[in-house]
Every structure is written in structure tokens, then in C-alpha cells.
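Summary of structural features
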Amino acid sequence: MSDPVSALNRAAFTGIAQIAETGLQGMITLRGDLASAVVIKAATAAAGTDMPARGEAKIKGEHGLCWMSPDEVLVLCPHAEVAMTIAAMEQVLAGEHALVVNVSDARAVFRVSGPLAREVLSKLAPVDLAPQAFRPGMMRRTKLAQVPAAFWMEDDRTFRIVCFRSVAQYVFDLLKVSAQEGSEVGVF
Amino acid sequence: MLILQCPCCGVMADETELAAGGEAHLKRFGPGSSDDDFESYLFNRVNPKGVHFERWRHAYGCGKWFHAARCTATLEVFGTYSAQVTEPPQEIRDKISARRPGWRWREFG
């Protein structure tokens, strides 16, 4: 029996910020009517957090709910619990028009941390990352240089980034360049 | 640089995050219509200098379509609104009238 391996096997880099591929993270896409009581129940029971409002991420350790679009949330859970969580969600959603898919192994997850984390990401994404504009608890789907990505903040100096597994090396290289020594801008 | 607020997710989205979808509020002429109407539906587009209505998709964000009203000459954005309408809402028309009195765009104005 082979063990699941994350895209870059916990590669790490330290420059003006710490960058690390975080290893395996369970991720389940849930699409449906987010106002439906049944969908809300399935999502919140699976993640153990409240339903996120538009543009929010509710994270509690390895669990969480991220608002992806008006009809989609991303359910986070430990990688080993994905199958069990999906089974439980499908039971709640029986008869409801909704979609539950395991996307854990289609994604890669990075953490960028340090006092200059905002700067590292600002160089790559067309997003206002000033401390008053982007705060922990918010969720943003956007692009990093040429590829789609999504991120939220774990605390005021730590970003968690999700991208497609196929571009994991590209995103890691981007972050390394963006965080190379001597590249501080000092804008925030 | 064009920045549009996506009405679906509320994000101020940079042009590079969006996919352009061409002219808005086209009336479809399908099977059974006259050749002239069908040709016009397929090929004829306005190319105004000034007020224009367009479709955009928040491709790198929430993935949803929406409408935008803007000025092609100054890049001023008058507003964005839902994709699920067949004509610009009154609120958007009022905003344009305030900035460009006497504007016309196809049958609207």
C-alpha cells in the first residue's frame, strides 16, 4: 500500500519570509444553494465551524470552510478524514441538488509567514493586501502571476495559499523569487 | 488599468483577473429568423467611443458572469450589475445620465 504524498513533499525556503509546502490537506468542494438549510448543515457539520459569509474563510486548525463563489464552499478537513467526511455530507445532502467532490489530491497548499508575508504576496497578486484592506478571516480567489490561486490569512503575518497541484512547482518558484533576500520593498 | 467590482463576490477585480465577454444585451435571433436579423446577431457589434455595456467574467475569482457599464474613451466605470437581466437597471442608467447627459447606446438612453 503506497502512502499519499503532497505535491512538493513539504519543500521549504527561507528568504525575507518563510515559505513552506504544508503537506497533505483534505479539501472537499461543495456546490449547491448556500442559503439552503440542508447545505448549510452539511457544510458546518463537516467542518465544525460556522458558515462563512461572502468572501470569508472560517478556519479552525485543520478544519474550515472557505467561501469560493455564490454557490460553492471549500470544506477543509484532515486528509485522512476526507472519505468519512464526504460520506457524512452525502447522507445529510440526500435528495438535495448539490455536489460533493474530493479535490484534496488536485491541489497544493503553501504557507507564507513572517513580518513581510504581505509584501511577498503583493508582488504576485492583483489584490490590495494592506493590513486594513485584507485581514485574517477573509478569503480571496485570484491569480499568482500566471496561475489561479486562493488564499486566506491564518493570522496577521501568515498566509495559507491553495493552488492546483499541476502548478505547485511554479508557485513555489514564484514565491521563492518574491521572497529572495534583499527584495524588501517596505510598502506596508 | 481597468478595475471592476464583481457584483457576485464583491471583490474589486483587476482586469487581469477577468475575461472579457463582448457586447452586452444582445438579442438572440435563432432558427426561423430572417437572414438579416441572424447576420446582425452574429456579426454586427457597436464600437462606441463613450458609454458602452459589456459582459465580463470573473475568471480567476468566483467564476461568475456579470455586466459592466463603462466609458471606452476615459475608462470611467459607471457600475457593474447582475448578468441575469436583459437591459441595464434604472440605477445604472441614472448614474450614466448624471455623468454623460443625453447618452445613447443602441435602443437605451
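One can find the structure itself at the top, above this paragraph.
Thresholds applied
Residues numbered from 1 in each chain as written. Chains lettered and ligands numbered in written order. Predicted model: local features only at pLDDT ≥ 70, side-chain atom pairs only at ≥ 80, totals over all residues. Heavy atoms only, no water. Helix = DSSP H or I, 4+ residues; strand = E, 2+ residues; numbered from the N terminus. Buried < 20%, exposed > 50% of the residue type's maximum accessible area, 1.4 Å probe, protein only. Contact = heavy atoms within 4.5 Å. Rg over C-alpha atoms; globule rule 2.2 N^0.38 Å. Areas by Shrake-Rupley, 256 points an atom, 1.4 Å probe, with all protein chains shown as cover. Lys, Arg positive; Asp, Glu negative; His and termini not counted. Charge placed at Lys NZ, Arg CZ, Asp CG, Glu CD. Pairing = 2+ DSSP bridges. Axes fitted to C-alpha atoms, helices over the stretch in contact; angles between N-to-C directions. Buried area = accessible area lost by both parts, 1.4 Å probe. Salt bridge = Lys/Arg side-chain N within 4 Å of Asp/Glu carboxyl O. Polar contact = N/O pair within 3.5 Å; in protein donor to acceptor, adjacent residues only side chain to side chain. Nonpolar A, V, L, I, M, F, W, Y, C, P; charged D, E, K, R; others polar. Parallel < 35°, antiparallel > 145°, perpendicular 65-115°, else oblique. Left-handed = near helix turned anticlockwise from the far one by under 90°.

**Focus: the overall build of chain B**
Scanning chain B for helices and strands turns up two helices and six strands. The secondary structure elements of chain B, listed N-terminal to C-terminal, are β-β-β-α-β-β-β-α. For chain B, the C-alpha atoms occupy an extent of roughly 40 × 35 × 25 Å along the three principal directions. Taken across its 109 residues, chain B has 37% of its residues classed as buried. Contacts in chain B between residues at least 24 apart in sequence constitute 48% of all its contacts with a sequence separation of at least 6.

**Quick word on the overall build of chain A**
A tally of helices and strands in chain A yields four helices and 11 strands. Over its C-alpha trace chain A gives a radius of gyration of 17 Å, about what one expects of a compact globule, namely 16 Å for 188 residues. Along the three orthogonal principal directions, the C-alpha set of chain A runs to about 55 × 45 × 25 Å. Here chain A, with 188 residues, has 50% of them falling under the buried criterion. Within chain A, contacts between residues at least 6 apart in sequence are counted, and of these 61% link residues at least 24 apart. Total accessible area on chain A is roughly 8,600 Å²; 53% of this is exposed by carbon and sulfur atoms. Mean positive and mean negative side-chain charge positions of chain A (18 and 20 charges, respectively) differ by 3 Å.

**Structural notes on the sheet that holds strand 5 (residues 65-71) of chain B**
Residues and elements named next belong to chain B. Strand order in the open sheet made by the four strands is 3-4-5-6, with antiparallel pairing throughout. For this open sheet the edge positions go to strand 3 (19-23) and strand 6 (77-82), each flanked by a neighbour on one side alone. Ignoring which end each strand starts from, the neighbouring axes of this sheet average 30° apart. With five bridges connecting them, strand 5 and strand 6 associate as antiparallel partners. Residue pairing across strands places Phe 66 opposite Ser 82, the latter belonging to strand 6. Helix-sheet contacts for helix 2 (residues 90-99) involve strand 4 (51-57), strand 5 and strand 6, and the interaxial angle to strand 6 is about 175°.

**Description of the interface of chain B and chain A**
With 13 residues of chain B at the contact, the number on the chain A side is 16 residues. Here chain B and chain A share an interface that buries about 1,100 Å² over both sides, 51% of which is from carbon and sulfur atoms. Counting the surface chain B buries against chain A, the share from its top three residues, Glu 17, Tyr 60 and Lys 64 of chain B, is 44%. Note that Arg 140 of chain A is salt-bridged to Glu 17 of chain B, the shortest N-O span being 2.8 Å. Between chain B and chain A we count nine residue pairs in polar contact (both at pLDDT 80 or more) in total. Broken down by class, the residue content of the side of chain B that touches chain A amounts to seven nonpolar, three polar and three charged.

**Topic: the packing of helix 1 (residues 37-47) of chain A against helix 2 (residues 82-92) of chain A**
Packed helices, taken two at a time, are described by the angle between their axes plus the distance between the axes. Residues and elements named next belong to chain A. Direction vectors running N to C along helix 1 and helix 2 enclose 160°, while the axes themselves pass 9 Å from each other. As summarised for this structure, helix 1 and helix 2 are arranged roughly antiparallel, according to the angle between their axes. The crossing of helix 1 and helix 2 is right-handed. In contact with Val 38, Lys 41, Ala 42 and Ala 46 of helix 1, helix 2 contributes Thr 85, Met 89 and Val 92. Residue composition of the contact of helix 1 with helix 2, by class: five nonpolar, one polar and one charged.

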